[in-house]
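# Report on the structure
Spelled out from the first residue to the last, the chains are:
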Amino acid sequence: MEQKKRILSLIQPTNTPHLGNYLGAMCNWVKMQEEFDCTYGIADLHSITVRQDPTKLRAQIKESYALLIAAGLDPEKSTLFVQGHNPNHSELAWILSCYTQFGELSRMTQFKDKSQKHPDNINAGLFTYPVLMAADILLYQADLVPVGVDQMQHLELARNIVQRFNGIYGDVFTMPEGYITKSTAKVMSLQDPTKKMSKSDENPNASVSILDDRDTIIRKFKRAVTDSETEVCAREGKDGIINLMSIYGAVAGKSFEDIEAEFKGKGYGDFKLAVGEAVADKLAPLQAEYKRLSEDKAYVEACMKSGAEKAYKISRKTLQKVQKKVGFVQL
Ligand code: TRP
């Protein structure tokens, strides 16, 4: 049998995922479980490049992990782990940092953005963040990495590191490729449909958390910014309506034509209500499963533990190979 390709991705535990994270990333992760050998992690090490409240962070790590399971990732089938539970990440990151140039890291746009946003805390971790991300990917010999456009530059850096390292020592690392799914719905802010939905938006009505209750979801969709026309159709300039149509299409499995036909002669009010209800329906099973998991902490902890063990075992092989190649003494 041909070996399945390995997919790897991590998410930061700093916010409860919103509808955009869910439709854009999490749903695809679940689908990919059938076809690929999947490794998904919670990037707690990355999250402390920005100051975090420890109590909140601890809760968020647990929440993010349980949400992966609630969304449909199977801890038996895939490797689900917390990055900080596997010391191999930090160890490889150190070694790789010696194969990464200062100039390369200085060019990372996310570093430039984040140092502007947090001028009082431009720490070395923020600078070497992409090296840790390269270690995450290379430790597991990942073939494919599903990432958004904002992480493409970091993936490109990981690829440069592979080329450099393999050029010196032979085939140590698999060359990772970006994996972009066509079906991915891009979800925009409900208050400004020209901007991506973001949890850090100051307006709470701009984004829908996947743990928002039904009434909240419906209320946010009722308040979504549209335009002064009345027709539900995907015409140029109707960004708000197009955003709602693509959300509705993604959660209800309908095409734009279906949606236009369904709401012909009806107003925006009916349409917004329908989208809100469809989103709430779609999220209901995930929320119920999350609630069940919150009441079964022992199970979630056991999953974390076995995920960490699986992750450690796979990645230790790579780390030992690297240690040997660079000339460390192994005991
Ligand atoms: N940096 C990524 C983000 O903020 C998260 C991440 C960490 C990641 N390690 C990774 C993504 C490895 C893909 C592969 O979104």
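Provided above is the structure to which this section pertains.
Here the structure is a predicted model, which is why all the values come from computation and not from measurement.

### Some remarks on the site of the ligand
Close to the ligand lie 13 residues; Q12, Y129, M133, D136 and Q151 are nearest. One nitrogen or oxygen atom from the side chain of Q12 is found 3.2 Å from an oxygen atom belonging to the ligand. Residue Q151 places a side-chain N or O atom 3.1 Å away from a nitrogen atom belonging to the ligand. Considering the ligand on its own, with 370 Å² of exposed area, one finds that the protein chains cover 89% of that surface. Counting only elements with at least two residues in the shell around the ligand, the list comes to β1 (6-11) and α7 (124-139). Ranked by residues supplied to the shell around the ligand, first place goes to α7 with 4 residues. Residues that form the shell around the ligand fall into these classes: 8 nonpolar, 4 polar and 1 charged.

### Description of the packing of aromatic side chains
Here the structure, examined in full by the defined rule, presents 12 aromatic pairs. Seen in terms of ring centroids, F81 and Y140 are 5.5 Å apart; in terms of plane orientation they differ by 40 degrees. Their pairing is tilted. You can see F81 sitting in strand β3 (residues 79-82) and its partner Y140 sitting in the loop between α7 and β4 (144-145), a full 59 residues away along the chain. With respect to class, F81 is no different from Y140; both count as buried. For the ring pair F102 and F127, a centre distance of 5.0 Å and an interplane angle of 45 degrees mean the geometry is tilted. Of this pair, F102 sits in helix α5 (residues 102-106) while F127 sits in helix α7, and the two are 25 residues apart along the sequence. Look at F102 and you get exposed, because its relative accessible area is 63%. Ring pairs connect the aromatic residues Y99, F165, Y169 and F173, which therefore count as one cluster.

### Observations regarding the pattern of salt bridges
For side chains of opposite charge, pairing can occur when their charged atoms come near one another. Per the counting criterion, the structure on display carries 15 salt bridges. The residue E104 makes a salt bridge to R164 at a minimum N-O spacing of 2.8 Å. You can see E104 sitting in helix α5 and its partner R164 sitting in helix α8 (residues 152-169), a full 60 residues away along the chain. Given the relative accessible area of 28%, R164 is considered partly exposed. Note that D212 is salt-bridged to K220, the shortest N-O span being 2.7 Å. Each member of the pair D212 and K220 is classed as buried. Here the salt bridges share partners, and the residues they tie into one network are D227, E229, E231, R235 and K238.

### Structural notes on helix α10 (residues 239-252)
With 14 residues, α10 ought to run about 20 Å at 1.5 Å a step, and its terminal C-alpha atoms sit 20 Å apart, in line with that. The element α10 is largely enclosed, with a buried count of 10 among its 14 residues. Where α10 is buried, its residues contact α1 (19-35), α9 (214-222), α11 (256-262) and α12 (268-294). G253 lies just past α10 and shows a positive phi near 65 degrees.

### Let's talk about the nonpolar core
In summary, soluble globular proteins display a tendency toward joint burial of nonpolar side chains. With 56 residues, the main nonpolar core has Y22, Y65, F221, F271 and V279 as its most contacted residues. Elements supplying a minimum of two residues to this core: α1, β2 (37-42), α3 (54-70), β3, α9, α10, α12 and α13 (297-326). Of all the elements, α12 adds the most residues to this core, at 11 residues. When near neighbours in sequence (up to four residues on either side) are disregarded, F221 contacts L19, L190, V208, L244, I247, K272, V275, G276 and V279. F111, V131, A158 and V172 belong to the second largest nonpolar core, which has 37 residues in total.

### Describing α12
The end-to-end C-alpha distance of α12, which contains 27 residues, comes to 37 Å, matching closely the 39 Å that a straight helix rising 1.5 Å per residue would cover. At A284, α12 is deflected by roughly 35 degrees, the largest bend along its length, and proline P285 occurs up to four residues later in sequence.

Reading the values: the criteria
- Sequence order sets the numbering: in each chain, residues are counted from 1 along the sequence as written.
- The model is predicted, so local features are restricted to residues of pLDDT at least 70 and side-chain atom pairs to those at 80 or more, both for listing and for counting; the totals for chains, interfaces and linings are taken over all residues.
- Computation of side-chain values: all heavy atoms of the structure, hydrogens and water removed.
- Proximity criterion: a residue is near a molecule or strand once any of its heavy atoms comes within 4 Å of it.
- N or O atoms closer than or at 3.5 Å make up a polar contact, with two conditions inside protein: a donor-capable atom paired with an acceptor-capable one, and, for residues adjacent in sequence, both atoms drawn from side chains.
- Each accessible area value is a Shrake-Rupley result obtained with a 1.4 Å probe; residue values ignore everything except the protein chains displayed when judging cover.
- By definition, any uninterrupted DSSP run of H or I lasting at least four residues is a helix, any uninterrupted run of E lasting at least two residues is a strand, and each is numbered from the N terminus.
- Here the nonpolar group is Ala, Val, Leu, Ile, Met, Phe, Trp, Tyr, Cys and Pro; Asp, Glu, Lys and Arg are the charged ones; every other residue, Gly included, is treated as polar.
- Stacked, edge-to-face and tilted are the three classes for Phe, Tyr and Trp ring pairs, Trp counted by its six-membered ring, which pair at centre distances within 6.5 Å; planes under 30 degrees apart are stacked, over 60 edge-to-face, the rest tilted.
- Three labels apply to residues, based on accessible area from a 1.4 Å probe with only protein chains included: buried if under 20% of the type maximum, exposed if over 50%, partly exposed otherwise in between.
- By convention in these notes, a salt bridge is any Lys or Arg side-chain nitrogen within 4 Å of a carboxyl oxygen on Asp or Glu.
- A helix is expected to reach a length of 1.5 Å times the quantity of its residues less one.
- Residue contacts are defined here by distance: any two heavy atoms, one from each residue, within 4.5 Å place the two residues in contact.
- To form a nonpolar core, buried Ala, Val, Leu, Ile, Met, Phe, Trp, Tyr and Cys residues must be joined to one another through side-chain atoms within 4.5 Å.
- Here the bend at a residue is taken as the angle between two axes, fitted respectively to the seven residues that end there and the seven that start there.

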